[in-house]
Amino acid sequence: MTARERVKQLIKIWPKVYPDARTELNFKNPLQLLVATILSAQCTDKRVNMVTPVLFKKYRTAKDYANAPQAEFENAIKSTGFFRSKTKSILAAMRAIAEGHGGKVPDTMEELNALPGVGRKTANVVLGNAFHKNEGIVVDTHVIRLSQRLGLAKQKNPEKIERDLMKLVPREHWTDWSHWLIWHGRRRCYARKPDCSNCEIFRFCPSCKIFLRTGESKKAEAKAA
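In what follows, the accompanying structure is described.

Cut-off values and rules
Residues numbered from 1 in each chain as written. Predicted model: local features only at pLDDT ≥ 70, side-chain atom pairs only at ≥ 80, totals over all residues. Heavy atoms only, no water. Helix = DSSP H or I, 4+ residues; strand = E, 2+ residues; numbered from the N terminus. Buried < 20%, exposed > 50% of the residue type's maximum accessible area, 1.4 Å probe, protein only. Salt bridge = Lys/Arg side-chain N within 4 Å of Asp/Glu carboxyl O. 1 Å grid on protein atoms, 1.4 Å probe; cavity = no way out; pocket = protein on both sides within 12 Å on 5 of 7 lines; lining within 4 Å. Points joined across faces, edges and corners; volume = space filled by probe spheres on them. Nonpolar A, V, L, I, M, F, W, Y, C, P; charged D, E, K, R; others polar. Phe/Tyr/Trp six-rings, centres within 6.5 Å; stacked < 30°, edge-to-face > 60°. Lys NZ or Arg CZ within 6 Å of the ring centre and 35° of its normal.

1. Some thoughts on the environment of Thr141
Then, in step 1: By secondary structure assignment, the location of Thr141 is in helix H9 (residues 141-149).
Then, in step 2: Given a relative accessible area of 57%, Thr141 falls into the exposed group.
Then, in step 3: Considering only alpha carbons, one finds Thr141 and Gly117, 24 residues apart in sequence, at a separation of 19 Å.

2. Some thoughts on unusual backbone geometry
Then, in step 1: Here Phe82, not a glycine, exhibits a phi torsion of approximately 50 degrees, which is positive.
Then, in step 2: With respect to the helices, strands and loops of the structure, Phe82 is situated in the loop between helix H5 (70-77) and helix H6 (83-100).
Then, in step 3: Here the phi dihedral of Lys193 falls at roughly 55 degrees; this positive angle occurs in a residue that is not glycine.
Then, in step 4: Its location among the elements puts Lys193 in the loop between helix H11 (174-187) and helix H12 (208-214).

3. Some remarks on the pattern of salt bridges
Then, in step 1: For the structure shown, the criterion picks out nine salt bridges.
Then, in step 2: Lys58 is the partner of Glu72 in a salt bridge, and the nearest nitrogen-oxygen pair spans 2.9 Å. Of this pair, Glu72 sits in helix H5 while Lys58 sits in helix H3 (residues 45-58), and the two are 14 residues apart along the sequence.
Then, in step 3: Exposure remark for Glu72: the relative accessible area of 35% places this residue in the partly exposed category.

4. Observations regarding the layout of surface pockets
Then, in step 1: Reported here for the largest pocket is a volume of approximately 930 Å³.
Then, in step 2: Residue lining of the largest pocket: 39 residues in total, with Ser40, Ala41, Lys121, Val138 and Asp140 positioned closest to the centre.
Then, in step 3: When contributions to the lining of the largest pocket are tallied by element, the ones reaching two or more residues are helix H2 (30-39), H3, H6, helix H8 (120-130), H9, helix H10 (158-168) and H11.
Then, in step 4: Ranked by residue count, the leading element in the lining of the largest pocket is H8, at six residues.
Then, in step 5: Here the residues of the lining of the largest pocket are counted per class, giving 12 nonpolar, 16 polar and 11 charged.
Then, in step 6: In this structure, the second largest pocket occupies an estimated 190 Å³ of space.
Then, in step 7: If you trace the second largest pocket, you find it lined by Asn26, Phe27, Lys28, Asn29, Gln32, Pro53, Phe56, Lys57, Tyr59 and Arg60.
Then, in step 8: Broken down by element, the residue count for the lining of the second largest pocket peaks at three residues, all from H3.

5. Regarding the packing of aromatic side chains
Then, in step 1: Summed over all chains, the structure comprises six aromatic pairs.
Then, in step 2: Look at Trp14 and Tyr18: their rings are 6.0 Å apart centre to centre, the planes differ by 25 degrees, and that puts the pair in the stacked class.
Then, in step 3: Taken together, Trp14, Tyr18 and Trp183 form an aromatic cluster joined through their ring pairs.
Then, in step 4: In this structure, Arg187 is placed above the aromatic ring of Trp183, and the distance from its NZ or CZ to the ring centre is 3.8 Å.

In structure tokens form, the structure reads like this:
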């Protein structure tokens, strides 16, 4: 089975396995999602979702964030890690949005990438989930790991993996594709000891049989015990 044929089969299966797949960051508008996505770097979505309710209640507009005292904001997001650099990125991005975009988060890759502290991955998250625009594929650690295990990418560089996936996955599925892989990575295809015995896509994964044979994956009896 070629990589393209594998993708075609997976697109049929993923919606049945994960019908509710979506970003697990809580947000109500593009501004909130941009903040949450920046906070999620090197941090779990669960932790971010614990921090953002208070944050979103206090800061409602780009101008609110832009005017926030740095020390106060750092303290509010401290538990997400790297809080100094994240504060710098968020406050600078919000100033740019307030001053150059009328307080509204831009909805193009070019404009989002031009914001301080906003890279392609963050822009893809915002475009795909807040604006429903498929401009690229979000490539995080789960997507990297599963793309390699599924034989869809040999590269380790996120941008190169994204380019490979964009050639294989139909554009209308780009946003969903990252959700499917991230959900599967969090629920079944773990970095250590993937749960191959119960994997819903076992027959389409070239790595499953290898992992089971070498003992690198969870075995059903071990899991039951």
